[in-house]
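One letter stands for each residue in the lines below.
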Amino acid sequence: MRSVKSLIAAGAATLLSSAAFAADMPIMPPPQMAYAPPPVQDFGGWYLRGDIGVTNSSAKLHDNLFDTLPAGSTLTHDGHGFTGGQSYGLGVGYQFNSWFRADITGEYRSRVSFSGTDVSTFPGGSSLSDVYQGGYTSWVGLANVYADLGTWWCLTPFVGVGVGAAHIQTTGLQDSGVAFAPGVGSFGSSSYFANGASTTNFAWAAHAGVAYKVNQNFTVELAYRYLNMGTAVHGNGQSFDGSNAGPSSFQYRDLISQDVRLGVRFALPCCDVPPPPPPLLIRKG
């Protein structure tokens, strides 16, 4: 019986000493809470843009007299074309997500000169040669949408379309003509001048290019654009002797420009909607 009591007393003493030791141990702090860094987003928000480019215009010069040539006549157009020009544009846009964006742009297109020759051949062999000199300037405003096609080595190819308006101001058109006849040669000349005029047309464009993101706020673009500006007209005209006075029927029909453009985009600080709170991470002690 005494041995049993001794065993119980020893066990109690051991428990008491363990409890005292545990009370003296420091208490471990609770696990620390830490915020994860917010995810980095490479899209979203407003941007400003600027563009410069070179223009390459083409059109079909038309006059109502072309439609009244005698039966059996032929008409050929030789060397019709415009000189190259420049374009300067500004715009504002919004990047909706990683692949879709839209912007509104306005641009000034410098004056380009037109020149060309027509040769009309009539039954019997006589002919008429006309030499033209003219040109135009324009302003273009477009609303554009683009699809970014993915990014490789910081390069993002894209395509897009745009619609808007083109305000075209033609310069004066000079028409100098010389008549020829078999066995006679040149036997008469004439000169006609049509004043410039302005017109505003529906315009549309197709874009294709590649963008390079220099950093989160700055992107450089190199792009090709096909721009259709409709028909440009001329004002009143008259011949050198005062005849044929009145409205001119000279037009640049199907006026298009194939442009190469260098552009930059500046992302604006995002202040529309605050981002959601970041997730919590549990740091083990």
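Going by the structure above, here's the rest.
What comes next concerns the included structure.

Some details on the overall build of the chain
Link 1 in the chain: For the chain, the helix and strand inventory stands at one helix and 16 strands.
Link 2 in the chain: Within the chain, counting contacts between residues at least 6 apart in sequence, those at least 24 apart form 74% of the total.

Re the side chain of T55
Link 1 in the chain: Here T55 is to be found in strand β2 (residues 45-55).
Link 2 in the chain: For T55, a relative accessible area of 7% gives the class buried.

Considering a nonpolar patch on the surface
Link 1 in the chain: A surface patch of nonpolar side chains, amounting to about 870 Å² of accessible area, comprises I52, V54, Y88, L155, V210, Y212, V214, L222, V260 and L262.
Link 2 in the chain: Breaking the nonpolar patch down by element, the ones donating at least two residues are β2, β11 (198-215) and β15 (251-267).
Link 3 in the chain: Per-element accounting of the nonpolar patch gives the leading share, three residues, to β11.
Link 4 in the chain: Take V260: it is sitting in strand β15.

Notes on the pattern of salt bridges
Link 1 in the chain: Counted by the stated rule, this structure contains 13 salt bridges.
Link 2 in the chain: D103 is paired through a salt bridge with R49; the nearest N and O atoms lie 3.0 Å apart. Of this pair, D103 sits in strand β6 (residues 100-121) while R49 sits in strand β2, placing them 54 residues apart in sequence.
Link 3 in the chain: The salt bridge partner of E107 is R261, with a shortest N-O separation of 3.4 Å. Remark: R261 occurs in strand β15 and E107 occurs in strand β6; sequence separation between them is 154 residues.
Link 4 in the chain: By relative accessible area, which is 4% here, E107 ends up buried.

Describing empty space enclosed by the protein
Link 1 in the chain: Tallied over the entire structure, the rule returns one cavity of 30 Å³ or more.
Link 2 in the chain: A volume near 110 Å³ is recorded for the largest cavity.
Link 3 in the chain: Around the largest cavity sit 15 residues that line it, and R49, D51, Y146, H207 and R261 are the ones nearest its centre.
Link 4 in the chain: Of all elements in the fold, only β2, β6, β7 (127-148), β12 (218-228) and β15 reach the threshold of two or more residues within the lining of the largest cavity.
Link 5 in the chain: For the lining of the largest cavity, the per-class residue count stands at five nonpolar, four polar and six charged.

Digging into the pairing of strand β13 (residues 232-239)
Link 1 in the chain: Where β13 and β15 come together, two bridges link them in antiparallel fashion. By the bridge assignment for β15, V233 is matched with Q251.
Link 2 in the chain: In the sheet, β13 pairs with strand β14 (residues 246-247) via two bridges, with the strands oriented antiparallel. By the bridge assignment for β14, G237 is matched with G246.

Focus: the layout of surface pockets
Link 1 in the chain: Empty space within the second largest pocket amounts to approximately 560 Å³.
Link 2 in the chain: Around the second largest pocket, the lining is made up of 25 residues, and of these D63, L65, D130, D175 and F250 lie nearest the centre.
Link 3 in the chain: Mapped by element, the contributors of at least two residues to the lining of the second largest pocket are β6, β7, β9 (173-181) and β10 (185-196).
Link 4 in the chain: Here the lining of the second largest pocket is composed, by residue class, of eleven nonpolar, ten polar and four charged.

Conventions used here
Residues numbered from 1 in each chain as written. Predicted model: local features only at pLDDT ≥ 70, side-chain atom pairs only at ≥ 80, totals over all residues. Heavy atoms only, no water. Helix = DSSP H or I, 4+ residues; strand = E, 2+ residues; numbered from the N terminus. Contact = heavy atoms within 4.5 Å. Buried < 20%, exposed > 50% of the residue type's maximum accessible area, 1.4 Å probe, protein only. Patch = residues over 30% accessible without salt bridge, like charges linked within 9 Å, V, L, I, M, F, W, Y side chains within 5 Å. Areas by Shrake-Rupley, 256 points an atom, 1.4 Å probe, with all protein chains shown as cover. Salt bridge = Lys/Arg side-chain N within 4 Å of Asp/Glu carboxyl O. 1 Å grid on protein atoms, 1.4 Å probe; cavity = no way out; pocket = protein on both sides within 12 Å on 5 of 7 lines; lining within 4 Å. Points joined across faces, edges and corners; volume = space filled by probe spheres on them. Nonpolar A, V, L, I, M, F, W, Y, C, P; charged D, E, K, R; others polar. Pairing = 2+ DSSP bridges.

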